[in-house]
Amino acid sequence: MESRITTDDVAKVARLARLRLTDDELDRFTHQLSDILDHAADIEALELDDVEPMARPVPLSNVLRSDEPNDPLDRDAVLAAAPSTEDGQFRVSPVLGEAP
Amino acid sequence: MRTAVDIAAGVRAGELSALEVLDEHLERVVLREAEIHAFNHLTEEAARAAATGLDRRVAAGEDPGPLAGVPVALKDNLCTEGVPTTCSSRILEGWIPPYTATVVERLVAAGAVPVGKTNLDEFAMGSSTENSAFGPTRNPHDVTRVPGGSSGGSAAAVAAGFAPVSLGSDTGGSIRQPAALCGVVGVKPTYGTVSRLGLVAFGSSLDQIGPFSATVADAALVLEVIGGHDPGDSTSLPGSFPSVSEHLDDGVSGLRVGIVTEMMGDGIAADVTARVRAAADALAAAGATVEEVSVRAVTYGLSAYYLVAPAEASSNLARYDGVRYGVRVEAATAGEMMEATRTAGFGDEVKRRIMLGTYALSAGYYDAFYGKALKVRTLIRRDFDAAYERFDVLLSPTSPTTAFPFGDKTADPMAMYLNDVCTIPTNLAGHPAMSVPFGVGDDGLPVGVQVLAPALGEVVMFRTAAVLEGSVR
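Residues numbered from 1 in each chain as written. Chains lettered and ligands numbered in written order. Predicted model: local features only at pLDDT ≥ 70, side-chain atom pairs only at ≥ 80, totals over all residues. Heavy atoms only, no water.

Participant: Can you break down helix H3 (residues 44–59) of chain B residue by residue, with the values?
Facilitator: Residues and elements named next belong to chain B. Under the 1.5 Å per step criterion, the end-to-end length of H3 is 22 Å for 16 residues, consistent within 8% with the ideal 22 Å. When we look at burial in H3, the residues that qualify are Ala47, Ala51, Leu54 and Val58. The buried side chains of H3 occupy one side of the element, clustering within an arc of 60 degrees when seen end-on. Turned more than 90 degrees away from the buried face of H3, the exposed residues are Glu45, Ala46, Ala49, Arg56 and Ala59. Elements in contact with the buried residues of H3: helix H1 (4–12), helix H2 (18–36) and strand S3 (113–118). Among the residues trailing H3, glycine 61 stands out with phi positive, at a value near 90 degrees. (Helix = DSSP H or I, 4+ residues; strand = E, 2+ residues; numbered from the N terminus. Expected span 1.5 Å × (residues − 1). Buried < 20%, exposed > 50% of the residue type's maximum accessible area, 1.4 Å probe, protein only. Arc of directions from axis to C-beta. Contact = heavy atoms within 4.5 Å.)

Shown next, in the form of structure tokens:
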């Protein structure tokens, strides 16, 4: 039976989501994601052109707080939870010059 | 075991010591926690200090509040300043949040005593707690069976008497299903009534925090404390949470109750539907009118949910990149570091949902999957609204079966997802629903009956639940 999603699709999605999969995982996940998408075929088949999408249950939008200074989180407390910091900032390996 | 209502009344009156109440519960933890594994982290020392402080305040003539001296267990996806918050994931192992969730602040301000952080399926994704990176929680009624999930630790903690009440989060049934399997009360309130500030996000348009308890009255008491507007959550509804407790004895005379036809057929165990019918009979005997009602679009709930929730999760979990918090696996470049960190830090179910969500949101599939799923939400909301024109509350099973054995569904994600077929539609609609224990199935294990209500229909939902609770005793 033709799979709803190919191993190439799953490999691409994993790359986009910054996940590395072994060959075994790639096969297994392809199978499982295919099962889930098979189940979703019931809504794929629905005719819904006249139906408005509902992204959230509450019709609130553009909720703003009053434009006054408040107490932000303490910088040292936040940085204390980070894997690596330097001079009050998060530290990471080089980003520029990285292969695409 | 004492109820939260009794504990708070006793402590406030100076008749009960908060420290003694705490010790009663911690003794039960000592006896059974090794077997149950409800907790990722216990905070006994801080709890003892808090209870001692409460006793001192009462002695000085102060009133510590409506939850004075009530021990509470907190799902380990609620941020607690100074206390590890892991979401049962390797990627957050050892993380100590710099702030506390609004709901926890409100509990503590009302005199509650947090005793620890409870186990869950990693990032609240699962229905059995088998997806926890730190090992599963066992069902106190039968330790060869799952407690349900994702809030399995919070449900088990109440069922085992480790705490009279606990908090969980419910994205597709993660409070109600484990409540049903552990024989306790579990409530998912209306979306927007309880602040999500400090709840680690999974599906932001679906997530809602709610209580577990042994009694309906205890759940009402906790909700009245944690509910109500929070300016720190942009999806928080204005106004305070309705007073539910004062209506618990109002009864159901004259209420119109609908049994959801679509949730009583295929895939639902006969011993479970029999309990739902018994619950309907009890409500009828108490003066309600009961009829079957079709809510057709709920049959599309599972499909819509497994596109919407993973889509939101794939976006929410993008933040775990090894930069700002949690675990990092070092690599030569930042991109390689992020990939290595996420690959090592996330378990299979989380990876599955991130990939599914990424797929559903990607170019070429967005309209066919995510866009369609959002329209199905509208259909479900519409069909519920139509049902609520004729009925005050709806009734269904909470879970298709009683608690199942470990390993039963771990190899087949779709089989696991089907556990939530009766609970998912209310999350998609943003409505409230709760599970009430109503006897046992053929295997002698607890069965939960789900009471569903329209948005902000908590009062009528709790009235119904209270009658069910009273008639099963």
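Here the narrative resumes.
Participant: Can you explain the environment of Leu26(A)? Please cite residues and give values.
Facilitator: Residue and element names in this part refer to chain A. Assignment of secondary structure puts leucine 26 in helix H2 (residues 23–39). Sequence separation between leucine 26 and valine 10 is 16 residues, and the spatial gap between their C-alpha atoms is 7.0 Å. The residues contacting leucine 26, other than those within four sequence positions of it, are Thr7, Val10, Ala11 and Leu21.

Participant: Explain unusual backbone geometry to me, using residue names and the numbers behind them.
Facilitator: A cis amide bond links Gly149(B) to the next residue, Ser150(B), at an omega of 10 degrees. Relative to the elements of secondary structure, Ser150(B) occurs in the loop between S3 and helix H5 (152–159). Positive phi, close to 55 degrees, is recorded for Arg18(A), a residue that is not glycine. Secondary-structure assignment places Arg18(A) in the loop between helix H1 (7–16) and H2. Residue classification places Arg18(A) among the partly exposed residues on the basis of a relative accessible area of 36%. Notably, Asp87(A) is not glycine yet its phi reads approximately 50 degrees, a positive angle.

Participant: I'd like to hear about the state of the cysteines, residue by residue, with values.
Facilitator: Residues and elements named next belong to chain B. Using the criterion set out here, one finds zero disulfides over all chains in the structure. As a non-bridged cysteine, cysteine 79 has cysteine 87 as the owner of its nearest cysteine sulfur, 7.4 Å distant. Cysteine 79 gets classed as buried once you look at its relative accessible area, which sits at 2%. Since its relative accessible area comes to 0%, cysteine 87 is described here as buried. (Disulfide = S-S within 2.5 Å.)

Participant: Explain the nonpolar core to me, using residue names and the numbers behind them.
Facilitator: Core analysis: the biggest nonpolar cluster contains 85 residues, and Phe123(B), Phe346(B), Met355(B), Phe384(B) and Leu394(B) have the highest contact counts within it. Tallying contributions element by element places helix H12 (residues 367–390) of chain B first for this core, with 10 residues. The contact partners of Phe346(B), leaving out residues within four places of it in the chain, are Leu19(A), Ser89(B), Ile91(B), Glu122(B), Phe123(B), Leu317(B), Tyr320(B), Lys351(B) and Ile354(B). Core analysis: the second largest hydrophobic core is formed by 81 residues, Leu107(B), Val187(B), Leu255(B) and Ala465(B) among them. (Core = buried A, V, L, I, M, F, W, Y, C linked by side-chain atoms within 4.5 Å.)

Participant: Can you tell me about the packing of H2(A) against helix H11 (residues 348–361) of chain B, naming the residues and giving the values?
Facilitator: To describe two helices that pack against each other, one gives the angle between their axes and the distance between the axes. Closest axis-to-axis distance for the H2(A)/H11(B) pair is 11 Å, and the angle between their directions is 60 degrees. Of the possible angle classes, the one that applies to H2(A) and H11(B) is oblique. The hand of the H2(A)/H11(B) crossing is right-handed. Each of Glu25(A), Arg28(A), Phe29(A), Gln32(A), Leu33(A), Ile36(A) and Leu37(A) in H2(A) lies in contact with H11(B), whose residues at this interface are Asp348(B), Lys351(B), Arg352(B), Met355(B), Leu356(B) and Tyr359(B). Looking at the contact of H2(A) with H11(B) residue by residue, the classes come out as seven nonpolar, one polar and five charged. (Axes fitted to C-alpha atoms, helices over the stretch in contact; angles between N-to-C directions. Parallel < 35°, antiparallel > 145°, perpendicular 65-115°, else oblique. Left-handed = near helix turned anticlockwise from the far one by under 90°. Nonpolar A, V, L, I, M, F, W, Y, C, P; charged D, E, K, R; others polar.)

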